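Here are the chains, one letter per residue:
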Amino acid sequence: MKTFAFVFPGQGSQSVGMLDGWGDHPVVAQTLQEASDALGENVGQLIKEGPKEALALTTNTQPVMLVAGVVAWRVWRAEGGAVPAAVAGHSLGEYSALVAAGVLTLAQAAPLVRLRAAAMQEAVPVGTGAMAAILGMDSARVIAGCAEALASFGAGTSEVVEAVNFNDPIQTVIAGTKAGVDKACEMLKAAGAKRALPLPVSAPFHSSLMKPAAEKLRLALGDVALGAAQIPVLNNVDVAVQQDADAIRDALYRQAFGPVRWVECVHALKARGITHIIESGPGKVLAGLTKRIDPELVGGAMFDPASLAETRELLA
């Protein structure tokens, strides 16, 4: 068997009916029931029926993406799939990774991510924050462009714009106040970025504007008993594997307002001897990023029985 990691997607990969491909697999029903009990609502119905607008609300998106990642993981294990050498998750996906590793139970994680989502939404009024994907430009140039955009507002400005998601070598997401992001987009396009694409999100995730949300999350995390990791979990914020419970809590706290260092995470997985990275959950976003970050790595995705069978063959 190949040396492989499982990675879990975050916000943006959700879609109505995204678990339909699993059919009536008993693990799916059991997992949805656990999440529904933890949140006091019918999570399965929300995923199956939507509507799309409800699924796109951050307070719903984060719990349903957590659940979708855990579903794929649990079906893999129930069908005799091997344990990966490591797990990681993009942004919110880190919570799915922690459930897979046994650090959090799904019953603990679902309310945590709902609180995280609500706190993020409350931290910045809708319409005052923004995010944009900068395509076709080196990340160092994007960071410099954000600094130049801020400087253009003058000393003591309250505007914010920061690089927050390092997705692949020439795709970096920026976030901050709407004026800050708009100015950076304008300047980065003038400096040679292929595209500056505004993202349809309701808050500037992973920016310093999320610190008030992170404080609420930190308090909630303090009340959660964490289990010992059964699989190494590589975190986003430090690109590190932590075993100590307080260090894991601190990393999750800082992750809320710190950048997602995904390019480095993929390199770090390769440095651990991993050759295959399998995306566990809906979509193929992370599988695509894997190939762009390092063409030597094999990226795959697992979201239904057919792709599970393909994954098994890929790793054989």
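Everything discussed here concerns the structure shown above.
A brief look at the structure comes next. None of the values given here were measured: they were computed from a predicted structure.

### Quick look at the overall build of the protein chain
Here is step 1: When helices and strands are tallied, the protein chain shows 13 helices and 9 strands.
Here is step 2: Taking 316 residues into account, the globule formula puts the C-alpha radius of gyration at 20 Å, and the protein chain, at 19 Å, falls close to it.
Here is step 3: Referenced to the eigenvectors of the C-alpha coordinate spread, the extents of the protein chain come out at roughly 60 × 45 × 40 Å.
Here is step 4: A buried classification covers 54% of the 316 residues belonging to the protein chain.
Here is step 5: Put simply, 75% of the contacts in the protein chain that link residues at least 6 apart link residues at least 24 apart.
Here is step 6: When the accessible area of the protein chain is evaluated, it comes to approximately 12600 Å², of which 56% is carbon and sulfur surface.
Here is step 7: Separation between the mean location of the 25 positive side-chain charges and that of the 30 negative ones in the protein chain comes to 4 Å.

### Observations regarding the pattern of salt bridges
Here is step 1: Counted according to the given criterion, the structure contains 15 salt bridges.
Here is step 2: As a salt-bridge pair, Arg-141 and Glu-148 come within 3.4 Å of each other at their nearest N and O atoms.
Here is step 3: With its nearest N and O atoms 2.8 Å apart, the salt bridge here joins Arg-261 to Glu-264.
Here is step 4: By relative accessible area, which is 23% here, Arg-261 ends up partly exposed.
Here is step 5: Here the salt bridges do not stand alone but share partners, grouping Asp-238, Asp-250 and Arg-254 into one network.

### Some points on the side chain of Asp-168
Here is step 1: Mapping Asp-168 onto the fold places it in strand S4 (residues 161-168).
Here is step 2: What makes Asp-168 buried here is its relative accessible area of 4%.
Here is step 3: In this structure the side chain of Asp-168 is engaged in a polar contact, spanning 2.7 Å, whose partner is the backbone nitrogen of Gln-171.
Here is step 4: Here Arg-292 takes part through its side chain, which lies 2.7 Å from a polar atom of the side chain of Asp-168.
Here is step 5: Not counting chain neighbours up to four residues away, the residues in contact with Asp-168 comprise Val-263, Leu-289, Arg-292 and Ile-293.

### Some thoughts on helix H11 (residues 262-271)
Here is step 1: All of the buried residues along H11 are Trp-262, Val-263, Cys-265, Val-266, Ala-268 and Leu-269.
Here is step 2: Looking at the buried positions of H11, the neighbouring elements they touch are strand S1 (4-8), strand S2 (86-89), S4, strand S7 (233-234), strand S8 (276-280) and helix H12 (285-293).
Here is step 3: Downstream of H11 by one or two residues, Gly-273 has phi in the positive range, about 90°.

### Overview of unusual backbone geometry
Here is step 1: Of note, the amide linkage connecting Gly-50 to Pro-51 takes the cis form, showing an omega dihedral of 5°.
Here is step 2: In this model, Ser-91 sits at a positive phi of 55°, which is unusual for a non-glycine residue.
Here is step 3: Relative to the elements of secondary structure, Ser-91 occurs in the loop between S2 and helix H5 (93-100).
Here is step 4: Among the residues examined, Ser-91 registers a relative accessible area of 12% and is labelled buried.
Here is step 5: For Val-239, which is not glycine, the phi dihedral falls at a positive 50°.
Here is step 6: We classify Val-239 as buried; its relative accessible area is 17%.

### Some points on the sheet that holds strand S6 (residues 195-198)
Strands belonging to one sheet form pairs held by backbone hydrogen bonds; the direction of such a pair is parallel or antiparallel.
Here is step 1: Sheet architecture is open: 4 strands sit in the order S4-S5-S3-S6, paired in antiparallel fashion. Pairing within the sheet leaves two strands with one partner each, and these edge strands are S4 and S6. Geometrically, the sheet is characterised by an average inter-axis angle of 25° between neighbouring strands, direction not taken into account.
Here is step 2: Where strand S3 (residues 129-135) lies against strand S5 (residues 171-177), 7 bridges are found, and the strand directions are antiparallel. Bridge pairing in S5 places Ile-134 opposite Thr-172.
Here is step 3: Sheet strands touched by helix H8 (residues 178-190): S3, S4, S5 and S6. Its angle to S5, the strand with the most contacts, is close to 145°.

What counts as what
- Residues numbered from 1 in each chain as written.
- Predicted model: local features only at pLDDT ≥ 70, side-chain atom pairs only at ≥ 80, totals over all residues.
- Heavy atoms only, no water.
- Helix = DSSP H or I, 4+ residues; strand = E, 2+ residues; numbered from the N terminus.
- Rg over C-alpha atoms; globule rule 2.2 N^0.38 Å.
- Buried < 20%, exposed > 50% of the residue type's maximum accessible area, 1.4 Å probe, protein only.
- Contact = heavy atoms within 4.5 Å.
- Areas by Shrake-Rupley, 256 points an atom, 1.4 Å probe, with all protein chains shown as cover.
- Lys, Arg positive; Asp, Glu negative; His and termini not counted.
- Charge placed at Lys NZ, Arg CZ, Asp CG, Glu CD.
- Salt bridge = Lys/Arg side-chain N within 4 Å of Asp/Glu carboxyl O.
- Polar contact = N/O pair within 3.5 Å; in protein donor to acceptor, adjacent residues only side chain to side chain.
- Pairing = 2+ DSSP bridges.
- Axes fitted to C-alpha atoms, helices over the stretch in contact; angles between N-to-C directions.

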